[in-house]
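# Geometric and topological summary
Listed below, chain by chain, are the residues.
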Amino acid sequence: MATTEARPTEAEPVKSTKPKLIEGTRRRGIALHTSLIVGVLLSAFPFYWAVIMSTHTSTDIFSYPPKLLPGSQFDDNIGKLFDSIDFFGSMFNSLLVATSVTFLVLFFDSLAAFVFAKFQFPGRGMLFALMMAIFMVPAQLQAIPQFVIMANLGWIGSMTSLIVPAAANAFGIFWMRQYMKSAIHDELMDASRLDGAGFMRQYWHVALPVVRPGLAFLGIFTFMGQWNDYAWPLIALTNPDNVTLQVALSQLNGVHGTTDYGMVMTGAVLALIPLLIVFAIGAKQIIADLGKGAIR
């Protein structure tokens, strides 16, 4: 009886899934970049629209269809702006207040946060809870008692009434405390104590170099808040020579009987320039320090 030998069958070639994975990754990358570009355009459009409006008259601003290209009225709007208010004087006042408050907040808030984050002392939890309770109080409720205190001290109408009450705040202490708890390791503190470092040396040479990104964010946040503050300067600055830029810009409404929106938007655009400069410097500092931390 003849026997037949079984012949080995050739294995079917396995299809590679690598091209599909590459194609899927590429599609996700395209979708992500497209969504980011759309988000950037939507975020930048209000700034672009403000610049466009600052180059037109009020009639052109309310025309239909809206004008999306720059006009030729920017120089005229600047001239009317400078004739209506003391722009550079009020800008100097805002710079003085915002810069002074920012440096004071960075010092006092980081110092208090360092104590809360890395030191044990009686009543620490109760003091922190009290600070958080103050953090929950709306700023509008503080206006009347704050005004009474400033009036009793004789500071109403001066820049001191804006700088001193804002020299420290609960948000900055809370933010820096949370940042320091994770950024400053206990081993680093123990090593500094073994080297004989006192409290201020630990704060200045150990804590601050580590938490620079957190300080940069707090500085940007504080400067922008003080620069854009309107309600409290309007209440406290009774001297017209000491008004800040936001209060001065509010006086442009109806300065010529009707609101010249081209002139108003010109003032708003010029007021944005210091904020953009501070944000660029602060963001660069954040990125640089995070990169140094990653290398270390």
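Below: a short report on this structure. Along each chain, residue indices are assigned from 1 in the same order as the chain's sequence is written. The model is predicted, so local features are restricted to residues of pLDDT at least 70 and side-chain atom pairs to those at 80 or more, both for listing and for counting; the totals for chains, interfaces and linings are taken over all residues. Note: side-chain values were computed over all heavy atoms of the structure, leaving out hydrogens and water.

## Some details on the overall build of the protein
Test applied: Secondary structure elements follow DSSP: runs of H or I of four or more residues count as helices, runs of E of two or more count as strands, with numbering from the N terminus. In this scheme, a residue with accessible area under 20% of its type's maximum is buried, one over 50% is exposed, and one in between is partly exposed, where area comes from a 1.4 Å probe on protein chains only. By definition in these notes, contact holds between two residues if any of their heavy atoms fall within 4.5 Å.
Secondary structure assignment for the protein yields 14 helices and zero strands. Mapped in sequence order, the helices and strands of the protein form the string α-α-α-α-α-α-α-α-α-α-α-α-α-α. Of all 296 residues assigned to the protein, the portion counted as buried reaches 33%. Considering only intrachain contacts with a sequence separation of at least 6, the fraction spanning at least 24 residues in the protein is 74%.

## Some points on the packing of aromatic side chains
Applicable threshold: For Phe, Tyr and Trp, where Trp contributes only its six-membered ring, two rings pair if their centres lie within 6.5 Å, and the inter-plane angle classes them as stacked under 30 degrees, edge-to-face over 60, or tilted in between.
Throughout the structure, instances matching the rule amount to 22 aromatic pairs. Each ring, one from Phe62 and one from Tyr261, has its centre 5.3 Å from the other, and the planes form 75°; the classification is edge-to-face. Here the residue Phe62 occupies a position in the loop between helix H2 (58-61) and helix H3 (74-84), and Tyr261 occupies one in helix H14 (residues 261-295), the gap between them amounting to 199 residues. On the accessibility criterion, Tyr261 (38% relative accessible area) is partly exposed. By way of ring pairs, the aromatic residues Phe107, Phe108, Phe114, Phe119, Phe199, Tyr203 and Trp204 are connected into one cluster.

## A few points about a nonpolar patch on the surface
Under the convention used in this document: Here the term patch refers to residues with relative accessible area over 30% and no salt bridge, with like charges joined within 9 Å and nonpolar side chains (Val, Leu, Ile, Met, Phe, Trp, Tyr) within 5 Å. Residue exposure ignores everything except the shown protein chains as possible cover, and the areas themselves are Shrake-Rupley values with a 1.4 Å probe. Salt bridges are defined as contacts in which a side-chain nitrogen from Lys or Arg sits within 4 Å of a carboxyl oxygen from Asp or Glu.
On the surface, Phe45, Tyr48, Leu68 and Leu69 cluster together to form a nonpolar patch covering roughly 420 Å² of accessible area. Along the chain, Leu69 falls in the loop between H2 and H3. Leu69 sits in the exposed class, given a relative accessible area of 63%.

## Digging into the nonpolar core
The nonpolar side chains of a soluble globular protein tend to be buried with one another. For the record, the criterion: Each nonpolar core is a collection of buried residues, namely Ala, Val, Leu, Ile, Met, Phe, Trp, Tyr and Cys, held together in the definition by side-chain atoms within 4.5 Å.
Judged by nonpolar contacts, the single largest core of 27 residues is most densely connected at Phe114, Leu162, Met176, Met180, Ile184 and Val211. Per-element tally for this core: the top contributor is helix H4 (residues 87-118), with seven residues. Sequence-distant contacts of Val211, defined by excluding residues within four places in its chain, comprise Met176, Tyr179, Met180, Ala183 and Ile184. With 18 residues, the next largest nonpolar core counts Ala98, Ala248, Leu249 and Leu275 among its residues.

## Thoughts on unusual backbone geometry
With omega at 0°, the peptide bond leading from Tyr64 into Pro65 counts as cis. Mapped onto the elements of the fold, Pro65 is located in the loop between H2 and H3.

## A look at the packing of helix H5 (residues 124-135) against helix H8 (residues 170-183)
Put simply, the rule is: Fitting a line to C-alpha atoms yields each axis, with helices limited to the stretch in contact; the angle taken between N-to-C directions then spans 0 to 180 degrees. Small angles under 35 degrees read as roughly parallel and large ones over 145 as roughly antiparallel, with 65 to 115 read as roughly perpendicular and the rest as oblique. Put simply, a crossing is left-handed when the front helix is turned counterclockwise from the back one by less than a right angle, and right-handed when it is turned clockwise. Residue polarity follows a fixed list, in which Ala, Val, Leu, Ile, Met, Phe, Trp, Tyr, Cys and Pro are nonpolar, Asp, Glu, Lys and Arg are charged, and the others, Gly among them, are polar.
As a packed pair, H5 and H8 sit with axes 9 Å apart at the nearest point and diverge in direction by 130°. Relative to H8, H5 is oriented oblique. By crossing handedness, the relation of H5 to H8 is classed as left-handed. In contact with Phe128, Met131, Met132 and Phe135 of H5, H8 contributes Ala170, Phe171, Ile173, Phe174 and Arg177. Considered class by class, the residues forming the contact of H5 with H8 number eight nonpolar, no polar and one charged.

## Overview of the pattern of salt bridges
Applying the stated criterion across every chain, the model contains three salt bridges. A salt bridge links Asp260 to Lys80, with the shortest nitrogen-to-oxygen separation between them at 2.6 Å. Taken together, the residues span a long stretch of sequence, with Asp260 in the loop between helix H13 (245-250) and H14 and Lys80 in helix H3 at a distance of 180 residues. Lys80 gets classed as partly exposed once you look at its relative accessible area, which sits at 31%. With its nearest N and O atoms 3.2 Å apart, the salt bridge here joins Asp186 to Lys118. Note that Asp186 is positioned in helix H9 (residues 186-194) and Lys118 in helix H4, a separation of 68 residues in sequence.

## Section: the side chain of Thr266
By the secondary structure assignment, Thr266 is in helix H14. Its relative accessible area of 0% is what places Thr266 among the buried residues.

## Concerning helix H10 (residues 199-210)
For clarity, the threshold we go by: What a helix should span is 1.5 Å times the count of its residues minus one.
Here H10 is 12 residues long and its end C-alpha atoms lie 16 Å apart, about the 16 Å a rise of 1.5 Å per residue gives. Restricting attention to buried positions, one finds in H10 the residues Gln202, Tyr203, Val206, Ala207 and Leu208. Residues of H10 that are buried make contact with H4, H9 and helix H11 (212-228).

## Topic: the packing of H4 against H10
Taken N-terminus to C-terminus, the directions of H4 and H10 make an angle of 105°; their axes are 11 Å apart at the nearest point. Comparing the axis directions of H4 and H10 gives the class roughly perpendicular. Counted together, Leu106, Phe107, Ser110, Leu111, Phe114 and Val115 of H4 and Phe199, Met200, Gln202, Tyr203, Ala207 and Leu208 of H10 form the full contact between these two elements. For the contact of H4 with H10, a count of residues per class yields 10 nonpolar, two polar and no charged.

## A look at the environment of His56
Heads up, the rule is: Here a polar contact is recorded for every N or O atom pair within 3.5 Å, except that within protein the pair must consist of a potential hydrogen donor and a potential acceptor, and residues adjacent in sequence are included only if both atoms are side-chain atoms.
Position of His56 among the secondary structure elements: in the loop between helix H1 (18-53) and H2. In this structure His56 comes out as buried when scored by relative accessible area, which is 8%. Between the C-alpha atoms of His56 and Lys67, which are 11 residues apart in sequence, the distance is 8.8 Å. Apart from the residues within four sequence positions on either side, His56 is in contact with Ile61, Lys67, Leu69, Pro70, Gly71, Gln73, Asn77 and Gly262. Of note is the side chain of His56, whose polar atom sits 3.4 Å from the backbone nitrogen of Gly71.

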